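# Report on the structure
The lines below spell out each chain.
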Amino acid sequence: MGVIFVAVVTIVGAGVIGVSWARLFGSAGWEVRVSDPRPDLRELVARELADLSVTATADLAEAATGADFVQEAGPERVEVKEQMFATLAAHTRDDVVLASSSSSLMASVIARGNPAADRIVIGHPFNPPELMPLVEVVPGPRTSEVTADRAVEVYRGLGKLPIRLKKEIPGFVGNRLQKVFNDQAAYLVQQGVIDVRDLDDLVRASLGLRWATVGPFESGVLGGGPGGMRHLAEHVGSQLSFEIGAPDPARMGEVLDAVEQAYGTGESAYERLADLRDGRTRAVLKPLGWTDPATADSRPQ
Ligand SMILES: NC(=O)c1ccc[n+]([C@@H]2O[C@H](COP(=O)([O-])OP(=O)(O)OC[C@H]3O[C@@H](n4cnc5c(N)ncnc54)[C@H](O)[C@@H]3O)[C@@H](O)[C@H]2O)c1
């Protein structure tokens, strides 16, 4: 009988993102180790990751030892990440990729003073990683080619669409786009133009559906008819010359109050909304081709 090699992944942090990564790697046949100091770690793993090969420990050095890949999903605070990556560097082999899920911190910042900077790369998912196809792979100036290539290979093996940025920038691409969009949404609510729920419905019924099928540039090509995006830019686009404004940071409390009033807060509201989102996401992934690796990143010719 041949020996079956089972790769080991260490997931650092068992919050919203870490648990979802753990489910994804575990479902793909990886042996998963989860590390988090939270006191309810064992109960959480038993509840959320039952039926998968998962071990849990608060001791990061122990969880990292012998890992073949590390996916960090701890708090978004640079000093915490620096500390976690120092431990990871000291307790992993020198061929092991140390990927951070960070939403905005660059690899060059997280890797400051780290002897394993060449192995540190951003592998930024969209929430929830187990369903959303994209992982942004963002190497820093000291990240090696081998590290970025290996990260792309691992994410592709999990059925994801890894997109590798040409250079690092805070917020990467997904969250820079999202920030512009979310700032404008808050501004419109603050200005009394639209309510929270109507704004969400407006987006779901238009831009959300459109961007699930074509990207913004491709949409520009189609919006211009046979004249393409150039026609659109010269005609409709040239008239979109208003000031877009920015939300007032001192009045963000009003926006948050309105969001909580619309959707509720706490465990049961979260579970209800997450189930709704996951059900809808699952329903569209297959028809859009995301569950078939052969067609997932096929582009129109
Ligand atoms: N929430 C999102 O939508 C989202 C999306 C993409 C990426 N991210 C990124 O993923 C990371 C995790 O975000 P989250 O939303 O899951 O946060 P979270 O607050 O839900 O979870 C963070 C977890 O890290 C744990 N932790 C604290 N100190 C630790 C340590 N020293 N070692 C190990 N674990 C530790 C906490 O106990 C907590 O369980 C962040 O870097 C964030 O920017 C978040």
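Predicted model, so just to flag it, every value in this text is computed and none were measured.

Attention shifts here to the overall build of the protein chain. A count of helical and extended segments in the protein chain gives 13 helices and eight strands. Radius of gyration (C-alpha) of the protein chain: 21 Å, near the 19 Å computed for a compact globule of 301 residues. Projected onto the principal axes, the alpha-carbon positions of the protein chain cover approximately 65 × 45 × 40 Å. Burial analysis of the protein chain (301 residues in total) assigns 40% to the buried set. Considering only contacts within the protein chain whose residues lie at least 6 apart along the sequence, 62% involve residues at least 24 apart. Put simply, the protein chain shows about 17,500 Å² of open surface, and 58% of that area lies on carbon and sulfur atoms. Where the 30 positive side-chain charges of the protein chain centre and where its 40 negative ones centre are 4 Å apart.

Time to look at the packing of helix α8 (residues 196-213) against helix α11 (residues 252-263). Interhelical geometry of α8 versus α11 gives an angle of 75° and a closest axis separation of 9 Å. In terms of axis orientation, α8 runs roughly perpendicular to α11. Side by side, α8 and α11 meet where Val196, Arg197 and Asp200 of the first sit next to Ala258, Val259, Ala262 and Tyr263 of the second.

The assigned domain composition of the protein chain is domain 1 (8-164) and domain 2 (174-263). Placing a centre on the C-alpha atoms of domain 1 and another on those of domain 2 gives a separation of 32 Å.

Time to look at the packing of helix α9 (residues 216-223) against helix α10 (residues 228-239). Close contact between α9 and α10 brings their axes to 6 Å; oriented N to C, the two are set at 80°. Regarding the angle of α9 to α10, the classification is roughly perpendicular. For the pair α9 and α10, contact is made by Phe217, Gly220, Val221 and Gly223 and by Gly228, Met229 and Leu232, respectively. Residue composition of the contact of α9 with α10, grouped by class: four nonpolar, three polar and no charged.

On to the site of the ligand. Taken together, 22 residues form the shell around the ligand, and within it Ile17, Asp36, Glu76, Lys81 and Ser103 come nearest. The side chain of Glu76 places a nitrogen or oxygen atom 2.7 Å from an oxygen atom of the ligand. Interatomic distance of 2.8 Å between a side-chain N/O atom of Ser103 and an oxygen atom of the ligand. Protein contacts shield 72% of the accessible area of the ligand, which totals 840 Å² for the unbound molecule. Those elements giving two or more residues to the shell around the ligand turn out to be α1 (16-27), α4 (78-90) and β6 (120-125). Looking at side-chain class alone, the shell around the ligand contains nine nonpolar, nine polar and four charged residues.

So, on to the sheet that holds strand β4 (residues 69-72). Read from one edge of the open sheet, eight strands run β3-β2-β1-β4-β5-β6-β7-β8, paired in mixed fashion. Each edge of the sheet is formed by a strand with only one pairing partner; in this case those strands are β3 (54-57) and β8 (161-164). Put simply, the sheet's adjacent strands are angled 25° from each other on average, direction ignored. For strand β1 (residues 8-12) and strand β2 (residues 31-35), the ladder comprises five bridges, and the chain directions are parallel. In the sheet register, Thr10 faces β2, and the bridge partner there is Arg33. Seen against the sheet, α1 touches β1, β2, β4, β6 and β7 (134-139) and runs at an angle of roughly 170° to β1. Running at roughly 165° to β3, helix α2 (residues 41-48) makes contact with β2 and β3 of the sheet.

Reading the values: the criteria
- Residues numbered from 1 in each chain as written.
- Predicted model: local features only at pLDDT ≥ 70, side-chain atom pairs only at ≥ 80, totals over all residues.
- Heavy atoms only, no water.
- Helix = DSSP H or I, 4+ residues; strand = E, 2+ residues; numbered from the N terminus.
- Rg over C-alpha atoms; globule rule 2.2 N^0.38 Å.
- Buried < 20%, exposed > 50% of the residue type's maximum accessible area, 1.4 Å probe, protein only.
- Contact = heavy atoms within 4.5 Å.
- Areas by Shrake-Rupley, 256 points an atom, 1.4 Å probe, with all protein chains shown as cover.
- Lys, Arg positive; Asp, Glu negative; His and termini not counted.
- Charge placed at Lys NZ, Arg CZ, Asp CG, Glu CD.
- Axes fitted to C-alpha atoms, helices over the stretch in contact; angles between N-to-C directions.
- Parallel < 35°, antiparallel > 145°, perpendicular 65-115°, else oblique.
- Domains from an automatic or database assignment.
- Nonpolar A, V, L, I, M, F, W, Y, C, P; charged D, E, K, R; others polar.
- Near = heavy atom within 4 Å.
- Polar contact = N/O pair within 3.5 Å; in protein donor to acceptor, adjacent residues only side chain to side chain.
- Pairing = 2+ DSSP bridges.

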